[in-house]
Amino acid sequence: MQRNKLIHYSVSTLKLQPLFHKETFCKKIVKNLKHLVDSRKINLYGFVILPTKVECLWELKGEESSESPHVQFLRETSVDMLTELRKKDKKTLDLFCIDMLFHKIQFWQKGPRPIEIHSDDEAEEILHKMHYDAGRLKLSDESRIYPYSSNKFYNYNQDNFNILSHYNEYFGKRMRKAS
């Protein structure tokens with residue numbers, strides 16, 4: 001994937017297993033996104049963690065020769081989930097076993113390629129869809145807004161994880177470069 005491009009990246013769990021209904025795994029996803037932001041591999045403009053998938057709107061940073069941020073994200077989250085499930089929930093881990101003989105585990109479904117976003121209208125549409133999907137989740141507490149999405153950031157200027165930038169920053173940078 002090319003660097004300095006705005007990308008919509010979506011990845012689903014194997015066989016759409018609802019792994020992310022557990023807060024533990026949502027926190028691991030956020031931790032890995034934060035690591036990518038803090039190490040300046042990505043600028044994160046939006047995200048949502050749904051029970052069966054993770055969607056991000058991000059700009060890839062860093063050098064072309066380094067490991068792609070989405071590959072690093074998949075690898076690191078897989079290691080975290082494997083470690084957690086081995087310790088606490090072997091039945092759930094069995095759902096992700098693709099080869100019982102060799103104990104091969106696969107958490108992520110092979111899916112569509114990341115999509116480059118070319119305009120602020122496209123970015124807004126993607127964010128709206130992501131936030132709409134998060135809003136359809138049934139929340140067990142009094143919270144009106146699903147916490148594992150960028151919805152609070154765009155509606156209330158709250159970034160509880162300290163990982164987000166506004167997508168207008170991306171388009172503002174590009175417009176300045178073009179002039």
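See the structure above.
Predicted model only: the values in this text are computed from it and were never measured.

(A) Region of interest: the overall build of the protein chain. Regarding its fold elements, the protein chain presents six helices and six strands. Counted from the first residue to the last, the protein chain has its helices and strands arranged as β-α-β-β-α-α-β-β-β-α-α-α. Carbon and sulfur atoms provide 50% of the accessible area of the protein chain, an area that totals close to 10,600 Å².

(B) Local environment of the pairing of strand S3 (residues 53–60). The element S3 is extensively covered by neighbouring structure, given that seven of its eight residues are classed as buried. Remark: two residues form the turn of the hairpin made by strand S2 (residues 42–50) and S3, two consecutive strands paired antiparallel.

(C) Inspection of the packing of aromatic side chains at higher detail. Evaluation of the coordinates by the stated rule reveals twelve aromatic pairs. With a centroid separation of 6.4 Å and an interplanar angle of 35 degrees, the aromatic rings of Phe73 and Trp108 are classed as tilted. Of the two residues, Phe73 sits in helix H2 (residues 69–88) while Trp108 sits in the loop between strand S5 (104–105) and strand S6 (115–116), which places them 35 residues apart along the sequence. Assigned by exposure class, Phe73 and Trp108 land together as buried. Centroid distance Phe153 to Tyr154: 5.0 Å. Interplanar angle 85 degrees. Geometry classified as edge-to-face. Three or more aromatic residues joined by ring pairs form one cluster here, namely Tyr9, Phe20, Trp58, Phe73 and Trp108.

(D) Spatial organisation of the pattern of salt bridges. One pass over the full model with this rule turns up nine salt bridges. Residue Lys31 is joined to Asp80 by a salt bridge in which the shortest nitrogen-to-oxygen separation is 2.9 Å. One end of the pair, Lys31, is in helix H1 (residues 23–38); the other, Asp80, is in helix H2, with 49 residues separating them in the sequence. On the accessibility criterion, Lys31 (47% relative accessible area) is partly exposed. By relative accessible area, Asp80 is classed as buried at 15%. Salt-bridge contacts for Lys61 lead to Glu59; the nearest nitrogen and oxygen are separated by 3.6 Å. Note on Glu59: relative accessible area 3%, which makes it buried.

(E) The arrangement of unusual backbone geometry in detail. For Leu16, which is not glycine, the phi torsion reads 55 degrees and is therefore positive. For Leu16, the position within the fold is in the loop between strand S1 (6–12) and H1. According to the relative accessible area criterion, Leu16 is partly exposed, its value standing at 46%.

(F) Seen up close, a negative patch on the surface. A contiguous patch of negative charge, built from Asp120, Asp121, Glu122, Glu124 and Glu125, is present on the exposed surface. Relative to the helices and strands, Asp120 resides in helix H4 (residues 120–135). Take Asp120: its relative accessible area is 36%, and that puts it in the partly exposed class.

(G) Structural view of H4. Given a rise of 1.5 Å per residue, 16 residues ought to cover 22 Å, and the 22 Å separating the end C-alpha atoms of H4 matches this to within 8%. The set of residues buried in H4 consists of Ala123, Leu127, Met130, His131, Asp133 and Ala134. Taken end-on, H4 shows its buried residues confined to a sector of 155 degrees, consistent with a single buried face. Facing away from the buried surface of H4 by more than 90 degrees, the exposed residues are Asp121, Glu125, His128 and Gly135.

The rules behind each value
- Residues numbered from 1 in each chain as written.
- Predicted model: local features only at pLDDT ≥ 70, side-chain atom pairs only at ≥ 80, totals over all residues.
- Heavy atoms only, no water.
- Helix = DSSP H or I, 4+ residues; strand = E, 2+ residues; numbered from the N terminus.
- Areas by Shrake-Rupley, 256 points an atom, 1.4 Å probe, with all protein chains shown as cover.
- Buried < 20%, exposed > 50% of the residue type's maximum accessible area, 1.4 Å probe, protein only.
- Pairing = 2+ DSSP bridges.
- Phe/Tyr/Trp six-rings, centres within 6.5 Å; stacked < 30°, edge-to-face > 60°.
- Salt bridge = Lys/Arg side-chain N within 4 Å of Asp/Glu carboxyl O.
- Patch = residues over 30% accessible without salt bridge, like charges linked within 9 Å, V, L, I, M, F, W, Y side chains within 5 Å.
- Lys, Arg positive; Asp, Glu negative; His and termini not counted.
- Charge placed at Lys NZ, Arg CZ, Asp CG, Glu CD.
- Expected span 1.5 Å × (residues − 1).
- Arc of directions from axis to C-beta.

Nothing here speaks to function; it is all geometry.
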